[in-house]
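# Structural characterization, general
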Amino acid sequence: MTKTLDLGCGTNPRNPFNATEVFGVDVRDDIPNGIKKADLCVEPIPFEDNMFDFVTAHDVLEHIPRLLYAPTRIYPFVELMNEIYRVLKPGGTFFSRTPCFPYAPAWRDPTHVNIITDETFPLYFDDTNRWAWMYGFKGGFKILDQKMQDPYLLTTMQKVVDPRY
């Protein structure tokens, strides 16, 4: 049995990897049973460690701030990436679809506060560079695939377990 978690799923979690069990998280109040509520800007993903084979985020990451003072400095995007790493099983897959720079949809929506580029994941969250470690990133992902589907950046990464993290 495989399990997938769709972040920011609304009322209908996506299942692009055809997992046998599908779970969702959304910030909305009107979500049906089976979908857990959480504000991923400031709350952890409400599931256990190493639970999912797949985690997906379609049109979500651009809504997660890079920096907040609440009241001290926190890095919500980095913390969400830590949470994704935490809930994925070793070798699990994370898929992100987000509008990206330089396309207008990345900037047009006033709730888009995190502009992603084609360098964000390979430089900051990969298993080699890991530049986000300086902001508290505790994991590492192998970049399996990254491509543009204008105006979206589609990124598929695999959780790497390394004792140095």
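Look above for the structure.
Summary of the structure given here. (Residues numbered from 1 in each chain as written. Predicted model: local features only at pLDDT ≥ 70, side-chain atom pairs only at ≥ 80, totals over all residues. Heavy atoms only, no water.)

### Focus on the nonpolar core
Grouped burial of nonpolar side chains is what soluble globular proteins tend to show. Selection rule: Put simply, a nonpolar core is a bunch of buried Ala, Val, Leu, Ile, Met, Phe, Trp, Tyr and Cys residues held in one set by side-chain atoms that sit within 4.5 Å of each other. Think of it in three bands: residues with accessible area under 20% of the maximum for their type are buried, residues over 50% are exposed, and the middle band is partly exposed, with areas taken using a 1.4 Å probe on protein chains only. Secondary structure is summarised from DSSP: a helix means a run of H or I of at least four residues, a strand means a run of E of at least two, and numbering begins at the N terminus for each. Note on definitions: a residue-residue contact is assigned when non-hydrogen atoms from the two residues lie within 4.5 Å.
In terms of nonpolar packing, the biggest core is built from 34 residues, with Leu 5, Leu 7, Met 81, Ile 84, Phe 94 and Phe 141 touching the most fellow members. When contributions to this core are tallied by element, the ones reaching two or more residues are strand 1 (3–7), strand 2 (21–26), strand 4 (52–58), helix 1 (76–87), strand 7 (88–99) and strand 9 (152–159). Examining the composition of this core, we find that seven residues originate from one element, helix 1, more than from any other. Beyond its immediate sequence surroundings of up to four residues, Phe 141 is in contact with Met 81, Ile 84, Tyr 85, Leu 88, Phe 94, Phe 125, Asp 126, Asp 127, Met 157, Gln 158, Lys 159 and Val 160.

### Here we look at the side chain of Thr 56
Worth spelling out the cut-off: Any pair of nitrogen or oxygen atoms within 3.5 Å is treated as a polar contact; in protein, a donor-acceptor pairing is required on top of that, and neighbouring residues in sequence qualify only through side-chain atoms on both sides.
On the secondary structure map, Thr 56 appears in strand 4. A polar contact of 2.7 Å, which involves the side chain of Thr 56, links it to the side chain of Asp 6. Once residues within four sequence positions are removed from consideration, Thr 56 is found in contact with Leu 5, Asp 6, Leu 7, Arg 14, Pro 16, Phe 17, Phe 94 and Phe 95.

### Section: the environment of Asp 150
Within the fold, Asp 150 resides in the loop between strand 8 (141–149) and strand 9. Asp 150 gets classed as exposed once you look at its relative accessible area, which sits at 52%. Each C-alpha atom of the pair Asp 150 and Pro 44 lies 31 Å from the other, and the pair is 106 residues apart in sequence. A polar side-chain atom of Asp 150 sits 2.9 Å from a polar atom in the side chain of Tyr 103.

### So, the state of the cysteines
Cut-off, in case you're wondering: When two cysteine sulfur atoms are found within 2.5 Å, that pair is recorded as a disulfide.
The full count for this structure, using the stated rule, is zero disulfides. There is no disulfide at Cys 9, and the cysteine sulfur nearest it, in Cys 41, is 15 Å away. Judged by its relative accessible area of 7%, Cys 9 falls in the buried class.

### Examining unusual backbone geometry
Geometrically, the link from Phe 101 to Pro 102 is a cis peptide bond, its omega value of 10° lying close to zero. Within the fold, Pro 102 resides in the loop between strand 7 and helix 2 (104–108). The peptide bond linking Asp 150 to Pro 151 adopts the cis configuration, its omega dihedral lying at 5°. The phi dihedral of Asn 18 is positive, around 55°, even though this residue is not glycine. Its location among the elements puts Asn 18 in the loop between strand 1 and strand 2. Exposure remark for Asn 18: the relative accessible area of 64% places this residue in the exposed category. Unusually for a residue other than glycine, Asn 50 sits at a positive phi of about 50°. Along the chain, Asn 50 falls in the loop between strand 3 (35–37) and strand 4. By relative accessible area, which is 39% here, Asn 50 ends up partly exposed.

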